[in-house]
Structure formats: C-alpha cells, structure tokens
Amino acid sequence: MGDKDSRRFSRVEEIPSFSQKRCLAWFREYTNPDDPDMLGPDGMEKFCEDIGVEPENVVMLVLAYKMQARQMGFFTQEEWLKGLTDLQCDVIQKLQTKLEYLRSHLNDQNLFKAIYRYAFDFARDKDQRSMDIETAKAMLQLLLGKHWALYSQFSQFLDQSKYKVINKDQWCNILEFSRTICNDLSNYDVDGAWPVMLDEFVEWLKASRSKAAIS
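In what follows, the accompanying structure is described. Remember, it's a predicted structure, so these values are computed and weren't measured experimentally.

Thresholds applied
Residues numbered from 1 in each chain as written. Predicted model: local features only at pLDDT ≥ 70, side-chain atom pairs only at ≥ 80, totals over all residues. Heavy atoms only, no water. 1 Å grid on protein atoms, 1.4 Å probe; cavity = no way out; pocket = protein on both sides within 12 Å on 5 of 7 lines; lining within 4 Å. Points joined across faces, edges and corners; volume = space filled by probe spheres on them. Helix = DSSP H or I, 4+ residues; strand = E, 2+ residues; numbered from the N terminus. Nonpolar A, V, L, I, M, F, W, Y, C, P; charged D, E, K, R; others polar. Phe/Tyr/Trp six-rings, centres within 6.5 Å; stacked < 30°, edge-to-face > 60°. Buried < 20%, exposed > 50% of the residue type's maximum accessible area, 1.4 Å probe, protein only.

## Focus on the layout of surface pockets
Empty space among the atoms can be located by rolling a probe the size of a water molecule over them.
Point 1. Taken as a whole, the largest pocket encloses approximately 380 Å³ of empty space.
Point 2. Lining of the largest pocket is provided by 19 residues; of these, Pro55, Glu56, Met60, Met72 and Phe122 occupy positions nearest its centre.
Point 3. Here the lining of the largest pocket gets four residues from one element, more than from any other, and that element is helix 8 (residues 133-144).
Point 4. Considered as a void within the structure, the second largest pocket measures approximately 290 Å³ in volume.
Point 5. Along the walls of the second largest pocket sit Val58, Arg103, Leu106, Asn107, Phe112, Gln141, Leu142, Leu143, Gly145, Lys146 and His147, which together make up its complete lining.
Point 6. A total of three residues in the lining of the second largest pocket trace back to one element, the largest contributor, which is helix 8.
Point 7. Each residue belonging to the lining of the second largest pocket can be placed in one class, and the counts come to five nonpolar, four polar and two charged.

Written out as structure tokens, the structure is:
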C-alpha cells in the first residue's frame, strides 16, 4: 500500500468508506420480502422518520432528483443505489450530514431550474401528461412559496380559475415568470409569449389590485 493509500485510510478511520453492500442492506430495511426491489409509501415514511425529515420537506424532492426517481412515494433499488452512491451514503448518519448540502442545491439557479423541471414529471400521475391542480399547487408551494412574492396571489388565482390541470409548458413558464416579472407587473409584456394562464393571472391581479385601491 503506497503512502497515498495509507493516508486515505487513516483519514477515514472513524467513518468506514462507502459500501454498496451496506447501502443495499439499508435499502432492504424499508422494503417488503414480496417486493424487495421497491421501496414504497410505508417504507418511505419510515425512511423519512429515520433521517429526521418530514416527507413533504423540499429536501426529499432534492434527494429524489439525485436518485432520478420516477414516481413520487417510491424508490427502486436502482434509483436508491444511483443517488446514494453519488452522495456516498450507506447509513442514516451519513445522509443526515448531507441534508444541508442537498438543500444548498436550491440556491443554485441552474440546479434549482433542473429540480423544478424534474418535479413536474416526478409528481404528475404517470397516466396523464399534465399535473392535477392540487398536486401542482402543493409542488409550487414547496418550490416557490418562499421565493416568489406573488406566490400567494397566484395560488388564489388558481383556486378561482377554471384550471383543473397544469401542463409542462405552463409549469416551466411559471418559474420564468416568477424570476423575470416585477411584483408591480411593470415589465410584463402583453404581447410576450406567455401561456394564456399567465395572461389571465396578470389581468386578474390587476383587477383585484384596482378593486383594493378603490375600497
């Protein structure tokens, strides 16, 4: 063993280096003998409890993104190994030390955009090309609720609108709108290429603001 190897081993003595076998054994703690390659909703609940994170915490979405999980509430063995090998986590404690790192992904504009786009396919019903409005509102709350000053107005607009679903184009444009349009709507271009949904939101918001100003 060369100097480099012995240095590497002495530095990680306290924490054994990543083992795929241990990672897989950890996965099996959350699966059923009937379906050992799929971690489902019950296992997910226990997993969240073990790492000390609420299932609806945005960090779980970032973790799912890391795994490129295809369906909300489920991790396949392949997805689990992909994400946790990447993070070098094979026990609860290691993943807990990575939670802040996962959260920090949301502060990087490009990574946030990738996670936001991923969330659409992750959360939609796989039989549908669109996301139902209740799921969309929950995901928007998770991703934009704290960062977009007009989020609560947009949510109110959706509540009273005719929309029952949101398609991917609308979903992606909501993020662009939240990043580029001023809260006073002064830089909103009526002839811009926004989806009709966002044009309607602007009209609705202007009308409710002028009503508020009159009263």
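From this point on, the discussion continues.
## Notes on the packing of aromatic side chains
Point 1. Taken as a whole and assessed by the stated rule, the structure comprises 24 aromatic pairs.
Point 2. Seen in terms of ring centroids, Tyr30 and Trp80 are 6.1 Å apart; in terms of plane orientation they differ by 55°. Their pairing is tilted. Here Tyr30, found in the loop between helix 2 (20-28) and strand 1 (38-39), pairs with Trp80, found in helix 5 (residues 77-87); they are 50 residues apart in sequence, far enough to count as distant.
Point 3. Judged by its relative accessible area of 5%, Tyr30 falls in the buried class.
Point 4. Note on Trp80: relative accessible area 0%, which makes it buried.
Point 5. Summarising the aromatic geometry, the rings of Tyr188 and Trp194 are spaced 6.5 Å apart at their centres and angled 20° between planes, so their arrangement reads as stacked. One exposure class covers both Tyr188 and Trp194, and it is buried.

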